[in-house]
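# Understanding the architecture of this molecule
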Amino acid sequence: MVVQKASGGSTFVRDARLRGWGRMRRTPCAMARPPPGLDCTPQACRFQPYPEGPVALLLRAPKPRRNETAPPLLAAPHCATGAALLVAAEPIRGRCPGTPWVDRFSVWRDGPHAVWLRPGEAPRVVSDRAGGGAALGAAAAPSARSRAVAPPQ
């Protein structure tokens, strides 16, 4: 398991989830010897668990300097990498045609996501809400809004 540490992330929640998955150790994204199938640069981490399987690309926003805002995380520069899935802890601006993504807003709307990267198959992405869960901590499911009808005059 590889974990990206982002500012504002709760170590309590991370550690509780690791225990729930039966893992007590995590591998940080910035490491001297990454596990096989993981290749990181300051801009992105390329994850391919099987040599013949699809590639997931974890986009990493540059850390802003003091008193500066971070530039938006753009998907366009990464569209030609052949990634079958884009993942980011920040909102992704723009999209790569035909490439699914999971970003901060996906998690906010639909809760946690699970991803399967199996050889010979497209990536399978299932959110907590799509899997029938209550999406604990996610925004309420969108519903049809009723229109107020003005009384006849």
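Residues numbered from 1 in each chain as written. Predicted model: local features only at pLDDT ≥ 70, side-chain atom pairs only at ≥ 80, totals over all residues. Heavy atoms only, no water.

Okay, the overall build of the protein chain next. The helix and strand tally for the protein chain stands at 2 helices and 11 strands. Going from N to C terminus, the protein chain has its helices and strands arranged as β-α-β-β-β-β-β-β-β-β-α-β-β. Across the 153 residues of the protein chain, 24% fall into the buried class. A separation of at least 24 residues holds for 33% of the contacts in the protein chain among residues at least 6 apart in sequence. (Helix = DSSP H or I, 4+ residues; strand = E, 2+ residues; numbered from the N terminus. Buried < 20%, exposed > 50% of the residue type's maximum accessible area, 1.4 Å probe, protein only. Contact = heavy atoms within 4.5 Å.)

Counting through the fold element by element, Glu 90 comes out in the loop between strand 7 (85-88) and strand 8 (92-93). Buried within the structure, Glu 90 lacks any salt-bridge partner; Arg 104 is the closest side chain of opposite charge, at an N-O distance of 6.1 Å. (Lys, Arg positive; Asp, Glu negative; His and termini not counted. Salt bridge = Lys/Arg side-chain N within 4 Å of Asp/Glu carboxyl O.)

Relative to strand 7, strand 5 (residues 56-59) runs parallel, the two sharing 4 bridges. Within the sheet, the bridge partner assigned to Leu 57 lies in strand 7 and is Leu 86. Bridge count for strand 7 against strand 9 (residues 101-102) is 2 bridges, and the pairing is parallel. Bridging from a neighbouring strand, Val 87 pairs with Val 102 of strand 9. (Pairing = 2+ DSSP bridges.)

Here we take up a positive patch on the surface. A cluster of basic side chains, namely Arg 93, Arg 95, Arg 104 and Arg 109, defines a positive patch on the protein surface. If you trace the backbone, Arg 109 turns up in helix 2 (residues 104-110). Accessibility expressed as a relative area gives 39% for Arg 109, which makes it partly exposed. (Patch = residues over 30% accessible without salt bridge, like charges linked within 9 Å, V, L, I, M, F, W, Y side chains within 5 Å. Areas by Shrake-Rupley, 256 points an atom, 1.4 Å probe, with all protein chains shown as cover. Charge placed at Lys NZ, Arg CZ, Asp CG, Glu CD.)

Below, the discussion takes up the sheet that holds strand 9. Sheet architecture is open: 5 strands sit in the order 3-4-5-7-9, paired in mixed fashion. The open sheet has two edge strands with one neighbour each: strand 3 (38-40) and strand 9. Two strands pair when backbone bridges link them, and strand 3 and strand 4 (residues 44-47) are joined in this way by 3 bridges, in the antiparallel orientation. Bridge pairing in strand 4 links Asp 39 to Arg 46.

Moving on to the pattern of salt bridges. Evaluation of the coordinates by the stated rule reveals 1 salt bridge. Where Arg 129 meets Asp 110, a salt bridge forms, and the shortest distance between an N and an O atom there is 3.4 Å. Separated by 19 residues along the polypeptide, Arg 129 in the segment after strand 11 (124-127) and Asp 110 in helix 2 bring together distant segments of the chain. Relative accessible area serves as the criterion here: at 23%, Arg 129 is assigned to the partly exposed category.

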